[in-house]
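Next come the chains, spelled out residue by residue.
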Amino acid sequence: LDPALAGLVAYATMVGLVGRPAWRNALWVAVGVYSVVHVGVLHTPLLTLLITVIAGRAIGLAVRYVAGSTSERPGALAIATALRAAELPVRAIRRIRTNGTAESGSRHYAVTTAEGALDIVVFDRDQQAAGLFYRIYRSVRLLGPVSRSAPVSVDRVVERRALLSYAAEDAGVPTPRLRALVRVGPEAAVLAFEHHDGTTLARRNPGCSDEELKRIWDAVGKLHARRVTHRGLTADRILFTGDGRAMLLDPGDGDVAASDLQIRLDVAQLLAELTLYVGPDRTSRLALGKSKAHELLAVVPLLQPVVLARSTRKSLRRHRDVLPALR
């Protein structure tokens, strides 16, 4: 164990370098030069350096865990101030507790402005680790096109979601319009979407009519025609508005320039989710009326729990006869 290198890594971990990219880059350059010199001149084994860095990091994290650290998560006032700078003056803001099906690593707020209501999604660094082990498990078990890689930074997350929102809107899909994307502090970003009143498929009892099912399928079809996928077609993300539209909420988990496999995965998710609410007979009749036979034949092998959304898999455990009946 190299005590000097371990101490440097532990100290940098304890003080934290959030919002200081220049210092963070300088630290890694110093560690890199130090490692090269020790390997090239002193013939230090690479494994020794690796163990040293891991040990220093573990010590620093342990001290921060015991002593505590100041949270960098922005509060409601900071969010409202950032939205005001984006010409969205906030009159009221309140935190919304989701039912657990929303994307991990985010917080949700309901905002009232002079122009109307907004749905706010906040991504920050403190929540980036949410679901990390589950994502690693999925990436090991599934192929790349099925299990998407975890985002490495807040910037990548919000940029991807903004891109998919713009792509869905450009495709003519009924979806909440993205009004603003703003930074809040060094390690947080806010996405502001238009709010639409209505009832989600998850809260419809009984389910929905054949005409409403067709509207859902047509909305998804417009998305796929532009080679864009949703990858989160669960009942809580399908909204029926007062004017009769079927709106797709939060398309930020999808893909642009999607492959045929990714589009088929989207269709498989939609078929499985609709079957849970309206039964396999109505779902299959809708699919046969809206798709070609050879397209559905390619989807049938994908009707298995491992490729479906987490909430859908959970529901299928209670209804084990659904997927066999749909196939």
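The paragraphs below set out a description of the structure included in this document.

Criteria and thresholds
Residues numbered from 1 in each chain as written. Predicted model: local features only at pLDDT ≥ 70, side-chain atom pairs only at ≥ 80, totals over all residues. Heavy atoms only, no water. Buried < 20%, exposed > 50% of the residue type's maximum accessible area, 1.4 Å probe, protein only. Helix = DSSP H or I, 4+ residues; strand = E, 2+ residues; numbered from the N terminus. Pairing = 2+ DSSP bridges. Axes fitted to C-alpha atoms, helices over the stretch in contact; angles between N-to-C directions. Contact = heavy atoms within 4.5 Å. Expected span 1.5 Å × (residues − 1). Arc of directions from axis to C-beta. Parallel < 35°, antiparallel > 145°, perpendicular 65-115°, else oblique. Left-handed = near helix turned anticlockwise from the far one by under 90°. Phe/Tyr/Trp six-rings, centres within 6.5 Å; stacked < 30°, edge-to-face > 60°. Lys NZ or Arg CZ within 6 Å of the ring centre and 35° of its normal. Salt bridge = Lys/Arg side-chain N within 4 Å of Asp/Glu carboxyl O.

Quick look at the pairing of strand E7 (residues 238-241)
Here comes step 1: Both faces of E7 are covered, namely the face carrying Ile 238 and Phe 240 and the face carrying Leu 239 and Thr 241.
Here comes step 2: In the sheet, strand E6 (residues 198-200) pairs with E7 via three bridges, with the strands oriented antiparallel. Paired with Thr 200 across the strands is Leu 239, a residue of E7.
Here comes step 3: In this sheet, strand E8 (residues 246-248) lies alongside E7 in antiparallel orientation, the contact comprising three bridges. Across the sheet, Ile 238 pairs through a bridge with Leu 248, a residue of E8.
Here comes step 4: Linkage of E7 to E8, two consecutive antiparallel strands, is achieved through a turn of four residues, within which Gly 244 is found at a positive phi near 90°.

Focus on the sheet that holds E6
Here comes step 1: Taking strand neighbours across the sheet as the criterion, the three strands line up as E6-E7-E8 in an open arrangement whose pairing is antiparallel. The open sheet has two edge strands with one neighbour each: E6 and E8. Here the average twist between neighbouring strands, direction ignored, is 35°.
Here comes step 2: Seen against the sheet, helix H7 (residues 210-225) touches E7 and E8 and runs at an angle of roughly 40° to E8.

Observations regarding the environment of Arg 318
Here comes step 1: Inspection of the secondary structure puts Arg 318 in helix H11 (residues 310-318).
Here comes step 2: Owing to a relative accessible area of 58%, Arg 318 belongs among the exposed residues under this scheme.
Here comes step 3: Measuring from C-alpha to C-alpha, the distance between Arg 318 and Asp 155 comes to 38 Å, with 163 residues separating the pair along the chain.

Some words on helix H2 (residues 21-40)
Here comes step 1: When the terminal C-alpha atoms of H2 are compared, their 28 Å separation across 20 residues agrees well with the 28 Å that a helix rising 1.5 Å per residue should span.
Here comes step 2: Taken together, the buried positions of H2 are occupied by Leu 27, Val 31, Ser 35 and His 38. Considered in projection along H2, the buried side chains sweep an arc of 70° and stay on one side of the axis. Along H2, the residues that are exposed and aim more than 90 degrees away from the buried face are Ala 22, Val 29, Val 36 and Gly 40.
Here comes step 3: In the core, the buried residues of H2 are packed alongside helix H1 (3-15) and helix H3 (46-67).

Observations regarding the sheet that holds strand E3 (residues 117-124)
Here comes step 1: Taking strand neighbours across the sheet as the criterion, the five strands line up as E1-E2-E3-E5-E4 in an open arrangement whose pairing is antiparallel. Only two strands of the sheet have a single partner each, and these edge strands are strand E1 (90-96) and strand E4 (178-183). Averaged over all adjacent pairs, the angle separating strand axes in this sheet is 25°, with direction ignored.
Here comes step 2: Here helix H4 (residues 76-85) sits on the sheet and contacts E1, strand E2 (106-113), E3, E4 and strand E5 (188-194); the angle it forms with E1, its principal contact strand, is near 135°.

What to know about the packing of H7 against helix H9 (residues 280-290)
Here comes step 1: In contact at an axis separation of 11 Å, H7 and H9 are set at 50° when each is read in the N-to-C sense. Put simply, H7 runs oblique to H9. Judged by the sense of rotation from one axis to the other, the crossing of H7 with H9 is right-handed. Facing Asp 210, Leu 213, Lys 214, Trp 217 and Asp 218 of H7, the residues of H9 in contact are Arg 282, Leu 286, Ala 287 and Lys 290.

Regarding the packing of aromatic side chains
Here comes step 1: The tally for this structure, following the rule as stated, stands at zero aromatic pairs.
Here comes step 2: The aromatic ring of Phe 240 is capped on one face by Arg 204, whose charged end is 4.7 Å from the ring centroid.

A few points about the side chain of Thr 175
Here comes step 1: By the secondary structure assignment, Thr 175 is in the loop between helix H6 (154-170) and E4.
Here comes step 2: Leaving out residues up to four positions away in the same chain, Thr 175 has contacts with Ala 168, Glu 169, Met 247, Leu 248 and Pro 251.

Quick word on the pattern of salt bridges
It is possible for side chains bearing opposite charge to pair when their charged atoms get close.
Here comes step 1: Across all of its chains, the model carries 17 salt bridges by this definition.
Here comes step 2: A salt bridge links Arg 179 to Glu 115, with the nearest nitrogen and oxygen atoms 2.8 Å apart. Linking Arg 179 in strand E4 with Glu 115 in the loop between E2 and E3, this pair joins segments that are 64 residues apart in sequence.
Here comes step 3: A residue is classified by how much of its surface remains accessible, and Arg 179, at 28% relative accessible area, is partly exposed.
Here comes step 4: Classification of Glu 115 by relative accessible area gives exposed; the value is 58%.
Here comes step 5: Taken together, the shared-partner salt bridges in this structure form one network comprising Arg 161, Arg 237, Asp 250 and Asp 253.

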